[in-house]
Amino acid sequence: LLNVTLDTLVRVMGTECCWVQTIDSARRSLQLAAERGFNSEMRREVSALDMTRGFGRQVVGLASSIVIPDLSHDGRYGLTSFRAAGYRWLVAVPLMTYRVHGVLGVASRDKKRLRKETPDLALVIAGLIGTALNRAGLSAGPPLPEKPWPPAPEALSPPPASFQPEKPVVVDMSSSPPEPP
């Protein structure tokens, strides 16, 4: 699923680099699930990203997109391997359904490939990936605790035997509506 999606993303967007990281809930870390256009240094750097600080916290912890229009001037996230590989811009968005499942990242060496709609397109694709992972049961989220259903509130309990409902109101819809003044 991820490999086909990334191949299509590279072809349609014309970018040279994209990747998906998923959350490993047991280790509380991001795992590189699939990538295109990575060298060994980029693979190492992305695999070492922490969910609790910087890049990982922004995308996973806060469920916010990151758009870096010029990697040569970015000192905030320290993605030096992308700069060294000649990538000019980078977009990272959360894989989301009702919760964050991971990260979708896209980067390119061609500055003209970054358009104003690129982050929105990446976010839509990430949502589709997140939905597919969720439905396929491939997203390793924390197990939900087993709790019994709470008792029904009194308002939802059956009415007492002495309850007498009002007669329904019948409206004759066969006549035409009155003429406006």
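The shown structure was predicted, so the numbers you read here are calculated from the model rather than taken from an experiment.

Undergrad: Teacher, can you tell me more about the pattern of salt bridges here?
TA: Opposite charge on two side chains lets them pair, provided their charged atoms get close. Within the structure shown, the criterion is met by five salt bridges. A salt bridge links Arg43 to Glu35, with the nearest nitrogen and oxygen atoms 3.0 Å apart. A relative accessible area of 19% places Glu35 in the buried class. For Arg44, the salt bridge identified is with Glu41, shortest N-O distance 2.5 Å. Within this pair, Arg44 and its partner Glu41 are both found in helix H2 (residues 40–47), separated by three residues, close to a single helical turn. By relative accessible area, which is 49% here, Arg44 ends up partly exposed. Accessibility expressed as a relative area gives 37% for Glu41, which makes it partly exposed.

Undergrad: Can you walk me through the confidence of the model for the chain in this structure?
TA: As a general rule, the predicted coordinates of low-pLDDT regions are not to be interpreted in detail. Chain-level pLDDT for the chain is 80 on average; 76% of the residues reach the 70-or-more range. Between residues 141–147, whose pLDDT stays under 50, and residues either more than four places distant or in other chains, the model counts four contacts.

Undergrad: I tried to follow unusual backbone geometry on my own but got confused; where do I start?
TA: Among all residues save glycine, negative phi is the norm, and among peptide bonds the norm is trans. Here Ala63, not a glycine, exhibits a phi torsion of approximately 55 degrees, which is positive. Within the secondary structure layout, Ala63 lies in the loop between helix H3 (54–61) and strand S3 (66–68). For Ala63, a relative accessible area of 31% corresponds to the partly exposed category.

Undergrad: Just checking my understanding: could you explain the environment of Val59 for this structure?
TA: Among the secondary structure elements, Val59 is positioned in helix H3. Sequence-wise, Val59 and Pro94 are 35 residues apart; in three dimensions their C-alpha atoms are separated by 5.5 Å. With near-sequence residues (within four places) excluded, Val59 lies in contact with Ser64, Ile66, Ala92, Val93, Pro94, Val100 and Val103.

Undergrad: Sorry, what's going on with the environment of Gly61 here?
TA: When you line up the elements, Gly61 lands in helix H3. On the basis of relative accessible area, Gly61 is assigned to the exposed category, the value being 53%. Between the alpha carbons of Gly61 and Gly102 there is a distance of 9.9 Å; along the sequence they are 41 residues apart.

Cut-offs used in this document
- Residues numbered from 1 in each chain as written.
- Predicted model: local features only at pLDDT ≥ 70, side-chain atom pairs only at ≥ 80, totals over all residues.
- Heavy atoms only, no water.
- Salt bridge = Lys/Arg side-chain N within 4 Å of Asp/Glu carboxyl O.
- Buried < 20%, exposed > 50% of the residue type's maximum accessible area, 1.4 Å probe, protein only.
- Helix = DSSP H or I, 4+ residues; strand = E, 2+ residues; numbered from the N terminus.
- pLDDT = per-residue confidence, 0-100.
- Contact = heavy atoms within 4.5 Å.

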